[in-house]
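# A look at the structure
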Amino acid sequence: GLFVWRLRNTGVRQRPCRFMHLYHVANDRLITFQYFNFLKRMYVTQCNKDLSQRAKPKSDSIVSPFHELQQLDQEKKAVNKISPISSPVHHLWSETSSRNKWRELKSTAETEDSGIPVGNESKEDRRWKEMKLRLDDLPGILARLSKIKLTALVVSTTSAGFAMAPVPFELTCFLLASLGTGLASCAANSINQFFEVPFDSNMNRTKNRPLVRGQISPLLAVCFAASCGIPGIALLTLGVNPLTGALGAFNIFLYTCCYTPLKRMSIANTWVGAVVGAIPPVMGWTAATGTLDAGALLLGGILYSWQFPHFNALSWGLREDYSRGGYCMMSVTHPGLCRRVALRHCLALIGLSTLAPVLNITTWTFPIISLPINLYISYLGFRFYKDADRSSSRKLFFCSLWHLPMLLLVMFTCKKSVLEKEDKGDLPRGSHETAMEIRLP
């Protein structure tokens with residue numbers, strides 16, 4: 001019994017000592033492990049100094065910030081392979097050799113990108129400088145500022161309206177009307193770009209415009225718009241007639257003060273823009289006749305309906321650009337309405353073509369001959385409505401580019417002659433005497 005009691009007493013007294021001993025052992029092991037990590041980090045930083053993070057100066061061989069972006073893309077595309085664990089000496093030797101190879105490849109890539117020897121350009125040549133305007137570049141800049149292609153389309157529709165008028169052709173009036181309409185269109189387009197500089201810079205389609213890139217100053221753009229708009233309206237008013245001049249001034253106001261701010265407020269801007277595009281053929285008709293009658297309204301209605309499949313198909317492929325620019329377009333906010341409106345006005349072109357002989361503007365051969373092209377654009381509008389993809393919208397857009405000139409050409413060939421209208425007494429007031437003077441020897 002005494003022996004058992006002795007064993008119990010020694011076990012109870014030694015148990016706290018054993019716990020303390022295990023604690024000290026664990027603590028010593030923890031300190032040893034931390035110290036081992038410290039030694040390992042010291043070894044890595046001393047033996048392989050390139051692994052430490054250091055700011056390296058840029059080489060002088062880089063020509064422009066565009067080459068820096070290409071170099072960063074090449075570095076991102078580089079893939080580092082994981083090599084198997086080997087001896088420290090072999091590992092250090094392989095790392096140094098791979099670093100040397102990487103530096104050689106990097107230097108060759110830089111020299112290929114730069115295309116010139118290192119140190120050939122100074123730092124002054126690589127700094128951002130103010131863009132200077134040269135007189136040789138000024139005509140091209142002003143042509144892009146005035147949207148010369150759109151201006152040419154406006155002048156062509158004005159010429160079509162002048163040619164469709166039921167009066168004898170007068171060359172001087174035709175040239176004055178075309179020149180005045182072109183100058184008014186240049187002024188309206190320049191003012192439109194002046195207002196939309198901060199929004200055009202966010203769109204890929206418009207980021208290279210002259211005002212966005214700083215190729216021309218805003219003051220010079222406004223002066224160019226004024227030098228085009230004032231003589232253009234004066235030519236239309238004094239050289240043609242006051243009605244055509246009033247329509248030209250109203251169109252500039254509608255485009256710059258109504259359509260341009262509405263593009264960021266409501267989808268109603270598309271309908272307002274269609275009215276802007278429908279006025280030029282009406283101006284051509286009024287320039288020839290001096291009156292605003294049913295024929296002028298019919299030509300304006302054809303241009304009005306044609307613009308919806310044309311612009312809606314174009315805007316469908318530019319939805320991302322319009323959303324970045326902050327424009328409220330049907331293709332962005334109401335895609336279903338965008339397709340329905342395009343199809344609706346494609347079908348409206350068939351009805352307007354049929355209305356031309358009813359108003360005694362063309363013969364009845366015009367709706368028959370124009371029916372195939374109107375049916376074709378209506379079919380493409382239906383495919384755009386059903387498929388709602390970029391392919392169908394692109395086909396409808398390119399079809400609209402040749403549809404309008406072909407439709408106006410067919411309309412001109414089927415136009416009723418002045419003599420037929422004179423016999424029926426359908427000539428506008430003031431044109432009957434002119435036709436009689438032409439017929440007299």
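Residues numbered from 1 in each chain as written. Predicted model: local features only at pLDDT ≥ 70, side-chain atom pairs only at ≥ 80, totals over all residues. Heavy atoms only, no water.

## Here we look at the UniProt feature "transmembrane region" (unreviewed entry) in the protein chain
If you check UniProt for "transmembrane region" (unreviewed entry), the listed places come out as residues 243-262, 269-288, 364-384 and 396-413 in our numbering. Split by type, residues 269-288 is 100% helix and 0% strand. Its first and last C-alpha atoms lie 30 Å apart. (UniProt positions renumbered as here; feature names shortened; annotations may be inferred. Helix = DSSP H or I, 4+ residues; strand = E, 2+ residues; numbered from the N terminus.)

## Quick notes on a nonpolar patch on the surface
Side chains of L355, V358, L359 and W364 sit close together on the surface and give an oily, nonpolar patch of about 390 Å² of accessible area. By the element assignment, W364 lies in the loop between α15 (335-358) and α16 (365-369). (Patch = residues over 30% accessible without salt bridge, like charges linked within 9 Å, V, L, I, M, F, W, Y side chains within 5 Å. Areas by Shrake-Rupley, 256 points an atom, 1.4 Å probe, with all protein chains shown as cover. Salt bridge = Lys/Arg side-chain N within 4 Å of Asp/Glu carboxyl O.)

## Points about the packing of aromatic side chains
Inspection of every chain in the model, using the stated rule, returns 12 aromatic pairs. Aromatic pair W271 and F308: ring centres 5.8 Å apart, planes at 55°, arrangement tilted. On the criterion of sequence distance, the pair formed by W271 in helix α11 (residues 269-289) and F308 in helix α12 (residues 294-316) is long-range, its members being 37 residues apart. Stacked on the ring of F199, the Lys or Arg R264 has its end atom at 3.6 Å from the ring centre. Note that R319 overlies the ring of W316, its terminal NZ or CZ placed 4.1 Å from the centroid. (Phe/Tyr/Trp six-rings, centres within 6.5 Å; stacked < 30°, edge-to-face > 60°. Lys NZ or Arg CZ within 6 Å of the ring centre and 35° of its normal.)

## Remarks on the packing of α12 against α15
The contact between α12 and α15 brings their axes to 8 Å, and the two run at 150°. With respect to each other, α12 and α15 are oriented roughly antiparallel. Here α12 runs over α15; the crossing is left-handed. Between α12, through L298, G301, I302, Y304, S305, W306, F308, P309, N312, S315 and W316, and α15, the contact on the second element is made entirely by P335, C338, R339, V341, A342, H345, C346, A348, L349, L352, L355 and A356. In terms of residue class, the contact of α12 with α15 is built from 17 nonpolar, 5 polar and 1 charged. (Axes fitted to C-alpha atoms, helices over the stretch in contact; angles between N-to-C directions. Parallel < 35°, antiparallel > 145°, perpendicular 65-115°, else oblique. Left-handed = near helix turned anticlockwise from the far one by under 90°. Contact = heavy atoms within 4.5 Å. Nonpolar A, V, L, I, M, F, W, Y, C, P; charged D, E, K, R; others polar.)

## As for α11
An ideal rise of 1.5 Å per residue puts 30 Å on 21 residues; α11 measures up with 31 Å between its terminal C-alpha atoms. Of all the bends in α11, the largest measures some 25° and sits at P280. Among the 21 residues in α11, 18 count as buried, and that is most of the element. Just downstream of α11 lies G290, where phi reads positive at about 80°. (Expected span 1.5 Å × (residues − 1). Bend = angle between axes of the 7 residues up to and from the residue. Buried < 20%, exposed > 50% of the residue type's maximum accessible area, 1.4 Å probe, protein only.)

## A look at the packing of helix α5 (residues 148-164) against helix α6 (residues 171-195)
Contact pair α5 / α6: the axes reach a minimum separation of 9 Å and the direction vectors enclose 145°. The handedness of the crossing between α5 and α6 comes out as right-handed. Along the contact surface, α5 presents L150, T151, V154, V155, T158, S159 and F162, while α6 presents C173, F174, S178, T181, G182, S185, C186 and N189. The class makeup of the residues in the contact of α5 with α6 is 7 nonpolar, 8 polar and no charged.

## Looking at the environment of C186
With respect to the secondary-structure elements, C186 resides in helix α6. Once the C-alpha coordinates of C186 and A225 are considered, the two residues, 39 residues apart in sequence, prove to be 6.9 Å apart. If near-sequence neighbours (up to four positions away) are discounted, C186 is found in contact with S146, T151 and C228.

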